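In case you want the letters, here they are:
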Amino acid sequence: MSRSNKLALLGWLLLAGSVLLLATLPQHHPQLMFYPQNALQQPGWQWLSGHLLHLGNAHLAANLLAMCLLAGIAWRQQQLPQSLLALLVSMLGVDLGLVVQGTVAWYVGLSGALHGVFAWLMLAPESHATGRATLRPLLWLLGIVKIYIDLHTSQHWLDIPTVPQAHLYGFCSGSLLALGSYWRRHASNKPPAINSKPK
């Protein structure tokens, strides 16, 4: 295992450990939640800590299961280090989206950011060109369908209260990050311009 993969695995494990630890400290949750309407007045670390909190055991278990599945996919695609970057970008995207929206009083949970990691994994160009990889765009489209359902139904998945807009902002953040990777790869593969000016 490469050093970068070891560090990325450690990062995912620390994230899971932090989530589990904070689940045992509900008395501190009000100080750690993210408050979008007062985001510029609150400590900067609350932009991160809010994602590590959960509303109950079902909420916690669902997000931990999703985190393990996504980390496993990233491992299989040899994108574990990049997946951590996708997670952080998606967290920030969720926060900024909720701040701009301005209607959510407080937010907790990893689901928005995990939607971003999913979108990124389904679109990221670094994946191996296997038969399974061809299904990734279809799975990305199914993700859009899932978010559409989230936004247009009052029924929650597994009866867990969610902020569906957070899923949308995370999904868009991960998708844009993946498209940016395509753009960088395309730019780096451009042939040098030929100087046709006569000497």
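Remember, it's a predicted structure, so these values are computed and weren't measured experimentally. (Residues numbered from 1 in each chain as written. Predicted model: local features only at pLDDT ≥ 70, side-chain atom pairs only at ≥ 80, totals over all residues. Heavy atoms only, no water.)

Looking at this structure, I do not really get the packing of helix H5 (residues 80-101) against helix H6 (residues 111-123). What am I missing?
If you want to describe how two helices pack, look at the angle between their axes and the distance between the axes. The interhelical angle for the contact between H5 and H6, taken along N-to-C directions, is 130°, at an axis separation of 8 Å. One element, H5, and the other, H6, form an angle in the oblique class. As H5 runs across H6, the sense of the crossing is right-handed. Within the contact between the two elements, H5 uses Gln82, Ser83, Ala86, Leu87, Ser90, Met91 and Val94 and H6 uses Gly112, Ala113, Leu114, Gly116, Val117 and Trp120. (Axes fitted to C-alpha atoms, helices over the stretch in contact; angles between N-to-C directions. Helix = DSSP H or I, 4+ residues; strand = E, 2+ residues; numbered from the N terminus. Parallel < 35°, antiparallel > 145°, perpendicular 65-115°, else oblique. Left-handed = near helix turned anticlockwise from the far one by under 90°. Contact = heavy atoms within 4.5 Å.)

What is the right way to look at the nonpolar core in this model?
By size, the foremost hydrophobic cluster in this structure holds 32 residues, and its most contacted members are Trp12, Met67, Leu87, Leu110, Trp120 and Leu121. Counting residues per element, this core draws most heavily on H6, which supplies 7 residues. Beyond its immediate sequence surroundings of up to four residues, Met67 is in contact with Trp12, Leu15, Ala16, Leu110 and Leu114. One finds Val94, Leu98, Tyr107 and Ala166 within the second-largest nonpolar core, a separate group that totals 8 residues. (Core = buried A, V, L, I, M, F, W, Y, C linked by side-chain atoms within 4.5 Å. Buried < 20%, exposed > 50% of the residue type's maximum accessible area, 1.4 Å probe, protein only.)

Got a minute to help me understand the pattern of salt bridges in this structure?
Any two side chains of opposite charge can pair, on the condition that their charged atoms come close. For the coordinates displayed, the defined rule picks out 1 salt bridge. Measuring nitrogen to oxygen at the nearest pair gives 2.8 Å for the salt bridge that ties Asp150 to Lys146. Linking Asp150 with Lys146, this pair stays in helix H7 (residues 136-152), spanning 4 residues, or about one helical turn. Judged by its relative accessible area of 22%, Lys146 falls in the partly exposed class. (Salt bridge = Lys/Arg side-chain N within 4 Å of Asp/Glu carboxyl O.)

Explain a nonpolar patch on the surface here, please?
A cluster of nonpolar side chains, Leu135, Leu138, Leu139, Leu141, Leu142, Ile144, Val145, Tyr148, Ile149 and Trp157, forms an exposed patch at the surface whose accessible area comes to about 940 Å². Positionally, Trp157 belongs in the loop between H7 and helix H8 (164-188). With a relative accessible area of 44%, Trp157 lands in the partly exposed category. (Patch = residues over 30% accessible without salt bridge, like charges linked within 9 Å, V, L, I, M, F, W, Y side chains within 5 Å. Areas by Shrake-Rupley, 256 points an atom, 1.4 Å probe, with all protein chains shown as cover.)

Please explain H5 as it appears in this structure.
Residues that lie three or four places apart on an α-helix share one face, since the helix turns once every 3.6 residues. Relative to the 32 Å expected for 22 residues at 1.5 Å per residue, H5 spans 31 Å between its end C-alpha atoms, a close match to the ideal helical length. Inspection of H5 places Leu80, Ser83, Ala86, Leu87, Ser90, Met91, Gly93, Val94, Asp95, Gly97 and Leu98 among the buried residues, and these make up the whole buried set. Following H5 by one or two positions, Gly102 adopts a phi angle in the positive range, close to 70°. (Expected span 1.5 Å × (residues − 1).)

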